[in-house]
2 protein chains.
Amino acid sequence: MRPAPSSPRAESRPGGRSARVRAAVHQAVRELLSDEADELTIPVIAARAGVHATTVYRRWGSVGDLLADVATSRFSGDIVVPDTGSLREDLERFASDLARDLSDPDTLSLVRAIVGTGGENAGVCRAERQRQLEAMLEREQARGNETPPVERATDALLAPLYYRAVFTDQAPTPEWARTLVSHLLPD
Amino acid sequence: MRPAPSSPRAESRPGGRSARVRAAVHQAVRELLSDEADELTIPVIAARAGVHATTVYRRWGSVGDLLADVATSRFSGDIVVPDTGSLREDLERFASDLARDLSDPDTLSLVRAIVGTGGENAGVCRAERQRQLEAMLEREQARGNETPPVERATDALLAPLYYRAVFTDQAPTPEWARTLVSHLLPD
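Let me sum up the structure you'll find in this document. (Residues numbered from 1 in each chain as written. Chains lettered and ligands numbered in written order. Predicted model: local features only at pLDDT ≥ 70, side-chain atom pairs only at ≥ 80, totals over all residues. Heavy atoms only, no water.)

Topic: the relation of the copies chain A and chain B
At step 1: Superposition of chain A onto chain B requires a rotation of 180° combined with a translation of 0.0 Å along the rotation axis, giving an RMSD of 0.0 Å. Each copy turns onto its partner about a two-fold axis. Minimal C-alpha distance to the rotation axis in chain A is attained by Gly116 of chain A, lying at 1.8 Å. (Least-squares fit on C-alpha atoms with pLDDT ≥ 70 in both.)

Right, dumping it as structure tokens:
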């Protein structure tokens, strides 16, 4: 992509230069992550995206903030929360769907990279999943049924899924993910 | 630290140049991690350690392998496995000790950095803890008692502890860690 000349008008035009730069930079980050490049730096990202490093520094500030932006667009919006009428079935679908997602090497590279940039950004990877889990529990409560507390459900479902994906060499399989639900909700 | 002239004899002398380089490089990594420097690269580490970058490249190859070496010396050997005669009490001590360890900012920086370098090294952070957990379960079995399977204990204890430390802004407290044991071993 050829960098276009910068001007305040171009920056604010929807779908204009600003959007193209964002798309090119996000694409560069995803490509570099899947290459498992040893060092993910702003000059390397900018070169891959075909934009000036100063553009990237001005807009995102740091690799951590840029990765958080990539992760926010990756991990939000495209997931449908299961609504089968049964909390158990909802959670089984949710957990096995997350297991599949975390088995994807590109997803996993992004999660690992963002954890590596330090503290405050890592939450972006799982914030949407946390909200979905809470929504399913609240819907069950609105039906007049008891549920485990959110903290307990987080410890029993989200934690093992992310832990196994990030810290072990075992893939989180959908079958195993469903057993997590059976421990959270015994018969 | 002033780099000493390199020779095969000096390299192989115990406590000699080789050991001094290792100590200086490990120290540099720990300092840079606690600075929360945006980019942890071999030239930056070498400059901080006062050694040539080529020395670091030759010995460790990549930032990931170097971090794995630092993590191996950090996360092994210095932990006593609880042995109270009661599996529940052993696991409560183990979990609350790990909670305290993962609340330490320096420990957490190292765990996050090593996750960020990619897949195969992240296991180093928790391999020793995994072995300890298995040892406690095996001891209980040797006493003739039933225990949860290792996989279940990992999902119920190690996973929430590492997940909360790495992915959330909640500190893993010893009190909360003990509740994890009560879910794994109901009365």
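Right, picking up where we left off after that structure.
Examining the interface of chain A and chain B
It is common to report an interface's size as the accessible area lost on association of the parts.
At step 1: Counting residues at the interface gives 35 residues for chain A, matched by 36 residues for chain B.
At step 2: Where chain A abuts chain B, roughly 2800 Å² becomes buried across the two surfaces, and 59% of that area is made up of carbon and sulfur atoms.
At step 3: Linking chain A to chain B there are two salt bridges.
At step 4: Where Glu151 of chain A meets Arg164 of chain B, a salt bridge forms, and the shortest distance between an N and an O atom there is 3.2 Å.
At step 5: Across the contact surface, chain A and chain B share eight residue pairs in polar contact (both at pLDDT 80 or more). (Contact = heavy atoms within 4.5 Å. Buried area = accessible area lost by both parts, 1.4 Å probe. Salt bridge = Lys/Arg side-chain N within 4 Å of Asp/Glu carboxyl O. Polar contact = N/O pair within 3.5 Å; in protein donor to acceptor, adjacent residues only side chain to side chain.)

With respect to helix α10 (residues 174-184) of chain A
At step 1: When we look at burial in α10 of chain A, the residues that qualify are Pro174, Trp176, Ala177, Leu180, Val181 and Leu184 of chain A. The buried side chains of α10 of chain A occupy one side of the element, clustering within an arc of 165° when seen end-on.
At step 2: Against the buried residues of α10 of chain A lie α6 (87-102) and α9 (150-167) of chain A together with α9 (150-167) of chain B. (Buried < 20%, exposed > 50% of the residue type's maximum accessible area, 1.4 Å probe, protein only. Helix = DSSP H or I, 4+ residues; strand = E, 2+ residues; numbered from the N terminus. Arc of directions from axis to C-beta.)

Shape is all these values report; function is a separate question.
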